[in-house]
Amino acid sequence: MTTSTALLTDHYELTMVQAALRAGTANRRSVFELFPRRLPEGRRYGVVGGVGRALDAFERFRFDDEVLGVLSEHDVVDETTLEWLANYRFSGDIWGYPEGETYFPYSPLMIVESTFAEAVLLETLLLSVLNHDSAIASAASRMTWAANGRPCIEMGSRRTHEEAAVASARAAYVAGFATTSNLAARQRYGVPTAGTSAHSFTLLHDTERDAFTAQVNSLGKGTSLLVDTYDITEAVSLAVEIAGPDLGAVRIDSGDLGMLAQQVRTQLDGLGATHTRIIVTSDLDEHAIAALAAAPVDGYGVGTSLVTGSGHPTCGFVYKLVARAETDDPDGELVSVAKKSTGKISIGGRKYALRRRNARGVAEAEVVGIGEPPENDGDDRPLLVPLVRAGEVVGREDLDTIRARHLASRDELPMRARQLSRGEPVIPTEHVD
């Protein structure tokens, strides 16, 4: 049985529908926009994550008997609204930035056009998925860029909610992580998984020799041995003695990682294990990864910092009504509407977006057209793609396509986008009408 996502929402979404139905305004053609007013403080770009998950959740957004029973039992809405919800099917269109794309302040990440009642119900669901996954993807992108081609392993499942762990693994893979430790992410999304052993496996055995021998006998010489349970120097010697010079990797999970990596590399080379890789873990983030750039490290395992967005666990996306018809006429002209609250303004009008690039393909601006698409000078790249057409999902993609898009989008940014120091968005956002 497919589980409905209709209750993954806020109470007030349904009461707005009830009031609009009673007022006769529920069927007015409306355009909602999901966008960020700003990037997380100090960030130079963001990464769109969660589009695929949002589309999956959208398809299961149905008010079935069980959901309607909950709403009725607790008097959330009246009988008229319950009847309307029972027949709810989104019939409109959704456009959006495809997953893996980079974004900037006021990028129109999703445009939802339908009746007011149909579109307003999607607000909480879309925001919760995209705010979380984009935060993880944005952090992961900074980490993989800092790693400069060395593989990053996602291993944060024990540091977040169990379902957030699966979503985080997927978002990290979108932004360039090589593998995850999370098996549910493999089952649901095909994200490659990897893992060997923890300190408990070593402590289980009477000696470190016994532990290493058991692991090599079971997993082969290509395994990764954890060498910092006791004495690292002794453990490295023992690891090569047991597995031979073809040992796949050693992992260091504590101490001064840069200094220890230098020592271990020298020791491994001296023992003939010149191809044995060194993997480091232990509270890494993008800054720690960048600091290890000169160290002989072959891969990074990242946990807590990744699944918490490296200090920014949400992106601050909002979902605002930006245009509506004045009558129920489905072909009626749209009028712009906008919120003018201090510090929380929105910009009215249906949006279109392109990435302005110079002749060398380097991004120069995020150009957002209001009411009509901005002019493309031939070097620019349109950003919005159809995700849902007449209520049917049309924008689903495989993860390999999404990963490739992210790398291409990131690579077209100016070089200063790589800087981890605090700064302004790497390109400006321009509105034209």
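Up top you'll find the structure we're talking about.
Residues numbered from 1 in each chain as written. Predicted model: local features only at pLDDT ≥ 70, side-chain atom pairs only at ≥ 80, totals over all residues. Heavy atoms only, no water.

J.: Break down the state of the cysteines for me, citing the residues and quoting the values.
T.: Evaluation of the coordinates by the stated rule reveals zero disulfides. Free cysteine Cys152: the closest other cysteine sulfur is in Cys315, separated by 19 Å. Exposure remark for Cys152: the relative accessible area of 1% places this residue in the buried category. Residue classification places Cys315 among the buried positions, given a relative accessible area of 6%. (Disulfide = S-S within 2.5 Å. Buried < 20%, exposed > 50% of the residue type's maximum accessible area, 1.4 Å probe, protein only.)

J.: So what's going on with the sheet that holds strand S5 (residues 110–115)? Residues and values would help.
T.: As summarised here, the arrangement of the seven strands in space is S13-S12-S1-S5-S3-S17-S18, forming an open sheet in which the pairing is antiparallel. A single partner strand is all that each edge strand has here, and the edge strands are strand S13 (334–336) and strand S18 (392–393). As defined by bridge partners, strand S17 (residues 385–389) adjoins S18 across two bridges and the pair is classed as antiparallel. When the bridges of S18 are listed, Arg389 appears paired with Glu392. The sheet strands contacting helix H2 (residues 51–59) are strand S3 (93–96), S17 and S18, and the helix crosses S17 at an angle near 15°. The sheet strands contacting helix H6 (residues 123–147) are strand S1 (29–36), S5 and strand S12 (317–325), and the helix crosses S12 at an angle near 140°. (Pairing = 2+ DSSP bridges. Helix = DSSP H or I, 4+ residues; strand = E, 2+ residues; numbered from the N terminus. Contact = heavy atoms within 4.5 Å. Axes fitted to C-alpha atoms, helices over the stretch in contact; angles between N-to-C directions.)

J.: Explain the pattern of salt bridges to me, and be specific about the residues and the numbers.
T.: Going through the model one piece at a time under the given rule, you end up with 22 salt bridges. Linking Asp78 and Arg22 is a salt bridge whose minimum nitrogen-to-oxygen distance equals 3.3 Å. Placement of the pair is Asp78 in the loop between helix H3 (65–73) and helix H4 (79–86) and Arg22 in helix H1 (residues 11–23), with a sequence separation of 56 residues. Classification of Asp78 as partly exposed rests on a relative accessible area of 21%. Residue class for Arg22 comes out exposed when judged on its relative accessible area of 68%. (Salt bridge = Lys/Arg side-chain N within 4 Å of Asp/Glu carboxyl O.)

J.: Describe the packing of aromatic side chains, naming the residues involved and giving the relevant values.
T.: Both the distance between ring centres and the angle between the ring planes are used here to describe each pair of aromatic rings. Enumeration over the complete set of coordinates arrives at ten aromatic pairs. Here the aromatic rings of Tyr45 and Trp145 are separated by 5.9 Å at their centres, their planes lie at 80°, and the arrangement is edge-to-face. Here Tyr45 is found in the loop between S1 and strand S2 (46–47), whereas its partner Trp145 is found in helix H6, with 100 residues between them in sequence. Judged on exposure class, the residue Tyr45 and its partner Trp145 are both buried. An angle of 85° between the planes, with centres 5.9 Å apart, marks the rings of Phe63 and Tyr88 as edge-to-face. Of this pair, Phe63 sits in the loop between H2 and H3 while Tyr88 sits in the loop between H4 and S3, and the two are 25 residues apart along the sequence. In terms of burial, Phe63 and Tyr88 fall into one category: buried. Members of the aromatic cluster, joined through ring pairs, are Phe61, Phe63, Trp84 and Tyr88. (Phe/Tyr/Trp six-rings, centres within 6.5 Å; stacked < 30°, edge-to-face > 60°.)

J.: Account for helix H12 (residues 257–270), naming residues and giving values.
T.: If you check H12, its first and last C-alpha atoms are 20 Å apart, about what 14 residues at 1.5 Å a residue would give, namely 20 Å. Residues of H12 that are buried include every one of Leu257, Gly258, Leu260, Ala261, Val264, Arg265, Gln267 and Leu268, and no others. Remark: Gly272 follows H12 within two positions and exhibits a positive phi of approximately 90°. (Expected span 1.5 Å × (residues − 1).)

J.: Quick one: what's the story with the side chain of Thr124, residue by residue and with numbers?
T.: For Thr124, the position within the fold is in helix H6. Take Thr124: its relative accessible area is 14%, and that puts it in the buried class. Among the polar contacts made by the side chain of Thr124, one reaches the side chain of Glu13 at a distance of 2.9 Å. (Polar contact = N/O pair within 3.5 Å; in protein donor to acceptor, adjacent residues only side chain to side chain.)

J.: Could you give an account of the sheet that holds strand S10 (residues 277–280), with specific residues and numbers?
T.: The strand order across the open sheet formed by six strands is S7-S6-S11-S10-S9-S8, and the pairing between neighbours is parallel. Edge positions in the sheet fall to strand S7 (179–180) and strand S8 (224–226), since each of these pairs with one other strand and no more. Of the strand pairs in this sheet, S10 and strand S11 (residues 299–302) are connected by two bridges, and their pairing is parallel. Residue Val280 lies in a different strand from S11, and its bridge partner there is Tyr300.

J.: Which residues make up the nonpolar core, and what are the values?
T.: Membership of the largest hydrophobic core comes to 56 residues, with the highest contact counts inside it found for Leu34, Phe63, Phe90, Ile94, Val112, Leu122 and Tyr319. Aside from chain neighbours lying at most four places away, what touches Ile94 is Phe58, Met110, Ile111, Val112, Leu122, Val385, Pro386, Leu387 and Val388. With 52 residues, the next largest nonpolar core counts Ala239, Ile252, Val280 and Val426 among its residues. (Core = buried A, V, L, I, M, F, W, Y, C linked by side-chain atoms within 4.5 Å.)

J.: So what's going on with the environment of Pro373? Residues and values would help.
T.: By the secondary structure assignment, Pro373 is in the loop between strand S15 (363–370) and strand S16 (381–382). The sequence separation of Pro373 and Ala353 amounts to 20 residues, and the corresponding C-alpha distance is 6.8 Å.

J.: How would you sum up the packing of helix H11 (residues 232–243) against H12? Please name residues and give values.
T.: The description of two helices packed together rests on the angle between their axes and the distance between the axes. The interhelical angle for the contact between H11 and H12, taken along N-to-C directions, is 35°, at an axis separation of 10 Å. Here H11 runs over H12; the crossing is right-handed. Between H11 and H12, the residues in contact are Ile232, Thr233, Val236, Ser237 and Val240 and Leu260, Val264, Gln267 and Leu268, respectively. Split by residue class, the contact of H11 with H12 holds six nonpolar, three polar and no charged. (Left-handed = near helix turned anticlockwise from the far one by under 90°. Nonpolar A, V, L, I, M, F, W, Y, C, P; charged D, E, K, R; others polar.)

Keep in mind these values describe shape, not function.
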